[in-house]
Amino acid sequence: MIRFEYKNLISNPYLKSAIDPKLIQSHLPQVQAAREEIAKDRKADILGFYDLPEQDISHITDYAESLDPKFDTILVLGIGGSALGNKAVYNALKTEACLTKRVLTFDNVDPVFLHEILQDINMDTTLFNVITKSGTTAETMAGYMIITDILQKKYPKDYHKRLVITTDKEKGFLRQVVKDRGYSSFSVPDNVGGRFSVLTDVGLLSSAFAGIDIAAMLEGAGEMVKLSENEDIMQNPPLLNGLLHYLYLKEGKNISVMMPYSNSLYDFADWYRQLWAESLGKRFDKDGREVFTGQTPVKALGTTDQHSQIQLYAEGPNDKVITFLTVENFNHDYVIPNLHPEREEVSYLGGKCLSALLNAERLATEIALCKAGRPNANLVFPKLDAKNLGAAIMMYQIQTVFTGKLLGINSLDQPGVEAGKIATYALMGKKGFSQERKEIADYLQQ
Ligand code: PA5
């Protein structure tokens, strides 16, 4: 199981300026109130992600097993919560779990990016998975239409067997397309929002296709749900981390850095970026008061960014809470050969594992940041596997909703994203947006 090491978020002999443990104690009534609100939301069936560990996944595993073995790649066409989780899970596990099938993601409308993907894949052996909860997102619709057109022309008889759609189970344009054209389809539960949906069909289908043990992923997530029920906040990683981030935010630490010491987990930090930013970045609290709250998530990569960002984190504004992600045991490792035993410049490295150097550098960075008075935490993966990854996903989902409750905001909506979507529809000539088109014309004339 993953371990959350928080000693450098709480004041200790090495980091006196950190949060005083007494502050945690004095916030226990708020913690209790937030827990009660979450319990109420769960009863009202609006936090469905908590229950995903219990779901039946046979429809996914059966489908993955039934697929023609010629398919060696699945290309996800989606964006935001309909893509970031797929990327995070696959890239976390592809090497350590020795996956032989690929998950690629087209989550932009950059034509060069699409060209690169189309150059990279073999159309004959690629399955396409269009994912969109709303069924209307412009980026995903554009990708869907381009790919379907290519498939229809190349495979007029069986193009529909090469594309699978994940969308709302009843509503939306794409659900109609599924009915009309006979595509296989999966659904996004009503009670799970986009950025909380990686453990639904949204993320599980591509993972199962790639050969990831999705049952183990859900088992890890289920263990984290249990941990989150612990009454003792010090034994409750998602709630403790949420409370500490909330307290730091109130002290002016407006930035949350996630810094994996693992290239495999870099996209996990990207997934976290969306979850934390879109859920907590809000103008209004739940009573309609203007609060302009949120904490800017930033991703960094150890050791690479030690030579790019750490100078700023150690000596720049003290406005960050830093979380390292550490992998203790790697399935793939290298011993550094002692090529120059007579030269002290490099002989100290000889005979050591690359992973030992990586994790020594992480600890060294932790110590340096403590000395500089910079709060930091460490989320430890004993190894990078499906179960630990599922636990980490659930930890951050619970932490996000809990922190939203402490902030008094709605962590499940994204009104700031909708404004951009509407302007795009207007600019691209969608019917029903003439007023917005007029406003844009005025704006352009200024
Ligand atoms: O978290 C969210 O709700 C968003 O990031 C969505 O996932 C994103 O906008 C894509 O939406 P959809 O799945 O409807 O295409």
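Residues numbered from 1 in each chain as written. Predicted model: local features only at pLDDT ≥ 70, side-chain atom pairs only at ≥ 80, totals over all residues. Heavy atoms only, no water.

Participant: Describe the site of the ligand, with residues and values.
Facilitator: Around the ligand, 13 residues are found, and the nearest of them are Ser82, Thr132, Ser134, Thr137 and Gln274. The separation between an oxygen atom of the ligand and a polar side-chain atom of Ser82 is 2.6 Å. Note that an oxygen atom of the ligand is positioned 2.8 Å from one of the backbone N or O atoms of Lys133. For the ligand, the accessible surface in isolation is 390 Å², of which the surrounding protein chains cover 91%. Within the shell around the ligand, the residues separate by chemical class into one nonpolar, eight polar and four charged. (Near = heavy atom within 4 Å. Polar contact = N/O pair within 3.5 Å; in protein donor to acceptor, adjacent residues only side chain to side chain. Areas by Shrake-Rupley, 256 points an atom, 1.4 Å probe, with all protein chains shown as cover. Nonpolar A, V, L, I, M, F, W, Y, C, P; charged D, E, K, R; others polar.)

Participant: Could you give me a rundown of the sheet that holds strand 7 (residues 255-260), with the residues and numbers involved?
Facilitator: Reading across from one edge, 1-12-11-7-10 is the order of the five strands in this open sheet, with mixed pairing throughout. The open sheet is flanked by strand 1 (3-5) and strand 10 (296-299), the only strands paired with a single partner. On average, each strand axis in the sheet is inclined to that of its neighbour by 20°, with strand direction left out of account. Strand direction decides the pairing type here: strand 1 and strand 12 (residues 376-383), joined by three bridges, are antiparallel. For Glu5, the partnering residue across the bridge sits in strand 12 and is Asn378. Of the strands in this sheet, strand 1, strand 7, strand 11 (320-329) and strand 12 are in contact with helix 15 (residues 386-407), which crosses strand 12 at around 150°. (Pairing = 2+ DSSP bridges. Helix = DSSP H or I, 4+ residues; strand = E, 2+ residues; numbered from the N terminus. Axes fitted to C-alpha atoms, helices over the stretch in contact; angles between N-to-C directions. Contact = heavy atoms within 4.5 Å.)

Participant: Outline the domain arrangement of the protein chain, supporting the account with residue identities and numerical values.
Facilitator: As far as domains go, the protein chain holds domain 1 (3-40 + 219-407), domain 2 (48-212) and domain 3 (417-444). Relative to domain 3, the C-alpha centre of domain 2 lies at a distance of 29 Å. (Domains from an automatic or database assignment.)

Participant: Hey, could you go over the sheet that holds strand 2 (residues 73-77) for me, with residue numbers and the actual values?
Facilitator: Each strand in a sheet pairs with another by means of backbone hydrogen bonds, the pair being arranged parallel or else antiparallel. Strand order in the open sheet made by the five strands is 3-2-4-5-6, with parallel pairing throughout. For this open sheet the edge positions go to strand 3 (102-106) and strand 6 (184-188), each flanked by a neighbour on one side alone. Across this sheet, the average inter-strand angle for adjacent strands is 20°, counted without regard to direction. Pairing analysis gives four bridges linking strand 4 (residues 126-131) to strand 5 (residues 163-168), with the strands arranged parallel. If you follow Asn129 over to strand 5, its bridge partner there is Val164. Each of strand 2 and strand 3 touches helix 5 (residues 111-120); the most contacted strand, strand 3, lies at about 155° to it.

Participant: Explain the nonpolar core to me, and be specific about the residues and the numbers.
Facilitator: Ranked by internal contacts, the top residues of the largest apolar core, which has 93 residues, are Phe49, Phe268, Trp271 and Phe381. The element best represented in this core is helix 15, accounting for 13 residues. The two domains that each donate at least three residues to this core are domain 1 (3-40 + 219-407) and domain 2 (48-212). Sequence-distant contacts of Phe268, that is, excluding residues within four places in its chain, are made with Ala88, Met258, Leu325, Leu389, Ala392, Ile393 and Tyr396. (Core = buried A, V, L, I, M, F, W, Y, C linked by side-chain atoms within 4.5 Å. Buried < 20%, exposed > 50% of the residue type's maximum accessible area, 1.4 Å probe, protein only.)

Participant: Explain the packing of aromatic side chains to me, and be specific about the residues and the numbers.
Facilitator: Tallied over the full model, the rule gives 13 aromatic pairs. The interplanar angle of 40° and the centroid separation of 5.9 Å between the aromatic rings of Phe4 and Tyr6 together place this pair among those described as tilted. Judged by its relative accessible area of 12%, Phe4 is buried. Among the aromatic residues, ring-to-ring pairing joins Phe268, Trp271, Tyr272, Trp276 and Tyr396 into one connected group. Above the face of the Tyr266 ring, Lys299 is positioned so that its terminal group lies 4.1 Å from the ring centre. (Phe/Tyr/Trp six-rings, centres within 6.5 Å; stacked < 30°, edge-to-face > 60°. Lys NZ or Arg CZ within 6 Å of the ring centre and 35° of its normal.)

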